[in-house]
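# Summary of structural features
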Amino acid sequence: MVCKECGKEIPEGALYCESCGAPLEEPIVLKVSKEDIKRAEKEEKVKAKERAKLAAKNTVKQVPEKKHHRKAADTSKAIDIVGYFQSIGGDMNLLLAFVGSILLYLAPFMNWIWEKLFDVKRKANLFEIGMKSSMVEEDGSILAMGETIVLVLGIIAILVGVWMLLLSACDYIKWLRKYAANPIMRFAPIFVMLVIFIIVINNKHYTQSLRVLEDNVRLAKELGTSSNYDAGRGLGPVFYVAGLVIYTLGTVGDFLERKRKNG
C-alpha cells in the first residue's frame, strides 16, 4: 500500500504513514442537527416514563409493620410498675394476659356451684365447699361439703393466678426478665390451671353438691317457695374458663411476637 500524501510504501496493517504521519482513512464526521437532538430527547423521555410504569407495576407493596406501643422497661429499677401499667393500654397481648390472670385469681372466690335452672339463691365457692364442717342453710343451699382437696386446689389456683400476673409483667420485674422468652415458664401455669379445673368439676363432692341443689330447687318448687331462689348462675367457672382463654391468647401472642422480633 502506498501513502496518498508522500507516495511512500506503507506496511500492511498500519493505521498511518510512518514517513509523513498521514492517516490511511479520513475520519468519519457525524453531522447532527438540532432537530435530531430534540427528537432523541423526546424519545428518551417516553422511554423513561415506560420504565417508571413498569417498575411501579413490579414493585411489591410493603405492608406497614404493626406498631406495638409497649414501653421499654426501666432497667435501673427492680420493679418498673409505672412502665408496666403504661404498656397495658398500648399492647394488646399484655392487656389480655393481665385481664386473664385477674379473672383466674378471682375465680375461686366467686360462687362456684350453679344449678341448671339458674334459680339457686346461695351457692358455694371453692373454699366453702372445702370447709371441714358440712353446713346447709335453712333454704337448702350448700355452704360446705367437707372436701379438703377442693379447698387446696382453690388456694393453688389463687397462687398460680398471682404467678400468671407476675409473668405477664416479666419484662418489668428484674428477677423475671430472663424467663420472658422461656416457653416452659410461660405456658406451665396454663397447664396447671387446666388440670385444676378438670379435677374440681369431676370431684365427687362437687357433682354431689349439684345434685343436692337440684333436689332442693325441685322441692322448693313443689312447696311453692321457689321465689327465694334468685341468685342465678355462679361466676366461678365462668371467670375461670374466660380467664384461661384470654390469658392463653395474650401469652401465645406475646411469645410469637418475641419470636418474630428475634428472627
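Residues numbered from 1 in each chain as written. Predicted model: local features only at pLDDT ≥ 70, side-chain atom pairs only at ≥ 80, totals over all residues. Heavy atoms only, no water.

### Some words on the overall build of the protein chain
Put simply, the test is: Here a strand is any run of E in DSSP of at least two residues, a helix any run of H or I of at least four, and the numbering for each starts at the N terminus. We call a residue buried when its accessible area falls under 20% of the maximum for its residue type, exposed when it is over 50%, and partly exposed in between, using a 1.4 Å probe and counting protein chains only. Contacts: residue pairs with any heavy atoms within 4.5 Å of one another. To be clear on the numbers: accessible area is Shrake-Rupley with a 1.4 Å probe, and residue cover counts the displayed protein chains and nothing else.
For the protein chain, the count of helices and strands is 8 helices and 0 strands. Along the chain direction, N to C, the helices and strands of the protein chain fall in the order α-α-α-α-α-α-α-α. By residue count, 33% of the 263 residues in the protein chain fall in the buried class. Long-range pairs, those at least 24 residues apart, make up 62% of the contacts in the protein chain between residues at least 6 apart in sequence. Accessible area of the protein chain: about 17,400 Å², with a carbon and sulfur share of 62%.

### Some details on the side chain of R258
Residue placement: R258 occurs in helix 8 (residues 236-261). Looking at R258, the relative accessible area reads 17%, which means it is buried. Each residue touching R258, except ones within four places of it in the same chain, is listed here: R70, C170, D171, A180 and R186.

### Focus on the environment of E5
Secondary-structure assignment places E5 in the segment before helix 1 (34-58). Using a relative accessible area of 62% as the deciding quantity, one classes E5 as exposed. E5 sits 12 residues away from C17 along the chain, and the two C-alpha atoms are 8.8 Å apart. Ignoring sequence-local partners within four residues, the contact set of E5 consists of C20 and A22.

### Topic: the layout of surface pockets
Inclusion rule: Throughout, the protein atoms alone are placed on a 1 Å grid, and a set of points is a cavity if a 1.4 Å probe fits but cannot get out or a pocket if it is open with protein on both sides within 12 Å along at least five of seven lines; lining residues have an atom within 4 Å of a point. Grid points are joined across faces, edges and corners, and a volume is the space filled by probe spheres set on the points. Three classes are used: nonpolar for Ala, Val, Leu, Ile, Met, Phe, Trp, Tyr, Cys and Pro, charged for Asp, Glu, Lys and Arg, and polar for all others, with Gly counted as polar.
Estimates place the volume of the largest pocket at around 250 Å³. Lining the largest pocket are 13 residues, with R70, D171, D254, R258 and K261 sitting closest to its centre. No other element matches the 4 residues that helix 8 contributes to the lining of the largest pocket. Taken together, the residues of the lining of the largest pocket break down into 3 nonpolar, 2 polar and 8 charged.

### Quick look at helix 2 (residues 81-88)
Our working rule: Here, the arc refers to the directions that run from the helix axis to the C-beta atoms.
Along helix 2, the residues that are buried comprise G83, Y84, S87 and I88. Angular distribution of buried residues about the axis of helix 2 spans 140 degrees; they occupy a single face of the element. The outward face of helix 2, more than 90 degrees from its buried face, is lined by the exposed residues I81 and V82.

### Some remarks on the confidence of the model for the protein chain
Stated precisely, the cut-off is as follows: You can read pLDDT as the predictor saying how much it trusts each residue, on a scale of 0 to 100.
In this model, the protein chain carries a mean pLDDT of 77, and residues with pLDDT of at least 70 account for 75%. When the criterion is pLDDT under 50, residues 63-67 qualifies, and its contacts beyond four places in sequence or with other chains add up to 1 contact. Taken together, the stretch residues 227-232 has pLDDT below 50 and engages in 16 contacts with residues farther than four places along the chain or on a different chain.

### Regarding empty space enclosed by the protein
This structure, assessed with the given rule, holds 1 cavity of 30 Å³ or more. Taken as a whole, the largest cavity spans an internal volume of roughly 50 Å³. If you trace the largest cavity, you find it lined by R70, N93, L94, A97, L167, S168, C170, D171, R186, D254 and R258. If you list the elements that add at least two residues to the lining of the largest cavity, you get helix 3 (92-106), helix 5 (148-168) and helix 8. Among the elements that line the lining of the largest cavity, the one with the most residues is helix 3, at 3 residues. Residues belonging to the lining of the largest cavity are distributed by class as follows: 4 nonpolar, 2 polar and 5 charged.

### A short note on helix 5
Condition: Helix span, expected: 1.5 Å multiplied by one less than the number of residues in the helix.
Along its 21 residues, helix 5 runs 30 Å from first to last C-alpha, staying within 8% of the 30 Å computed at 1.5 Å per residue. On its buried face, helix 5 sits against helix 2, helix 3, helix 4 (126-130), helix 6 (183-201) and helix 8.

### Re the environment of V99
Among the structural elements, V99 can be located in helix 3. Spatially, the C-alpha atom of V99 lies 8.8 Å from that of L165, the residues being 66 residues apart in sequence.

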